[in-house]
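# Descriptive analysis of the structure
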Amino acid sequence: MGTDVEIWMLFAPFWLLGMFAALGALWHFVQFLSVHGKAHAAGQVSKKYEFGTRLQPHETTTQGHHHLTRARTAVLLFVGFIALGLVAGVLWTLWRG
């Protein structure tokens, strides 16, 4: 096998898992915006979500807090998988080099 293919085979699992984590983060964040918007319209929460602001747990509904927490976790997983893939590729290149 060529060196390029070997390195790609090291990167691929991490990058694929990272992409799925990014899609999960996007889905949960969209769900959070939907749930929080409905709760705000119904008067259950007083603060409307704006980008760049920090919502405290008591300012969201239980379902909104769930989706926001999952979105944050998925973003961290995305960054971790991408970094792990880069480290695996660099280490493999240095070891085989």
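Residues numbered from 1 in each chain as written. Predicted model: local features only at pLDDT ≥ 70, side-chain atom pairs only at ≥ 80, totals over all residues. Heavy atoms only, no water.

### Points about the overall build of the protein
Let me state the cut-off plainly: For helices the rule is a DSSP run of H or I covering at least 4 residues; for strands it is a run of E covering at least 2, with both sets numbered from the N terminus onward. The buried label applies to any residue whose accessible area, calculated with a 1.4 Å probe on protein chains only, is under 20% of its type's maximum; exposed applies above 50%, and partly exposed to all values in between. Working rule for contacts: check all heavy atoms of both residues, and any pair within 4.5 Å makes them a contact.
On a plain count of helices and strands, the protein comes out with two helices and zero strands. When the 97 residues of the protein are sorted by exposure, 28% land in the buried category. The contacts in the protein between residues at least 6 apart in sequence include a share of 65% that link residues at least 24 apart.

### A few points about the environment of His-65
Its place among the elements puts His-65 in helix α2 (residues 62-96). Considered as a pair, His-65 and Leu-55 are ten residues apart in the sequence and their alpha carbons are 9.3 Å apart.

### What to know about a nonpolar patch on the surface
Filter applied, for reference: Patch criteria: residues need more than 30% relative accessible area and no salt bridge. Like-charged residues are merged within 9 Å; nonpolar side chains of Val, Leu, Ile, Met, Phe, Trp and Tyr are merged within 5 Å. Per-residue and other accessible areas follow the Shrake-Rupley method at a 1.4 Å probe size, with only the shown protein chains counted as cover for residues. What makes a salt bridge here is a side-chain nitrogen of Lys or Arg within 4 Å of a carboxyl oxygen of Asp or Glu, nothing more.
On the surface, a nonpolar cluster with roughly 390 Å² of combined accessible area is contributed by Val-87, Val-90, Leu-91 and Leu-94. Along the chain, Val-87 turns up in helix α2.

### What about the side chain of His-28?
One can find His-28 in helix α1 (residues 3-41). Dropping the residues within four chain positions of it, His-28 is found in contact with His-66, His-67, Arg-70 and Ala-71.

### A closer look at α2
How we decide: Here a helix's expected span is defined as the number of its residues, less one, multiplied by 1.5 Å.
For α2, which comprises 35 residues, the first-to-last C-alpha distance of 50 Å matches the rise-based estimate of 51 Å (1.5 Å per residue) to within 8%. The set of residues buried in α2 consists of Gly-64, His-67, Leu-68, Ala-71, Ala-74, Ile-82, Gly-85, Ala-88 and Gly-89.

### Side note on the environment of Leu-17
Position of Leu-17 among the secondary structure elements: in helix α1. As for Leu-17 and Gly-80, which are separated by 63 residues in sequence, their C-alpha atoms are 9.9 Å apart.

### Topic: the side chain of His-67
To keep it simple, the criterion reads: Pairing of N or O atoms within 3.5 Å defines a polar contact, subject to two protein rules: one partner must be a possible hydrogen donor and the other a possible acceptor, and residues neighboring in sequence count only if both atoms are side-chain atoms.
The residue His-67 is located in helix α2 in this model. A polar contact is formed between the side chain of His-67 and the side chain of His-28, at a distance of 3.0 Å. The residues touching His-67, leaving out its near neighbours within four places in the chain, are Trp-27, His-28, Gln-31, Phe-32 and Val-35.

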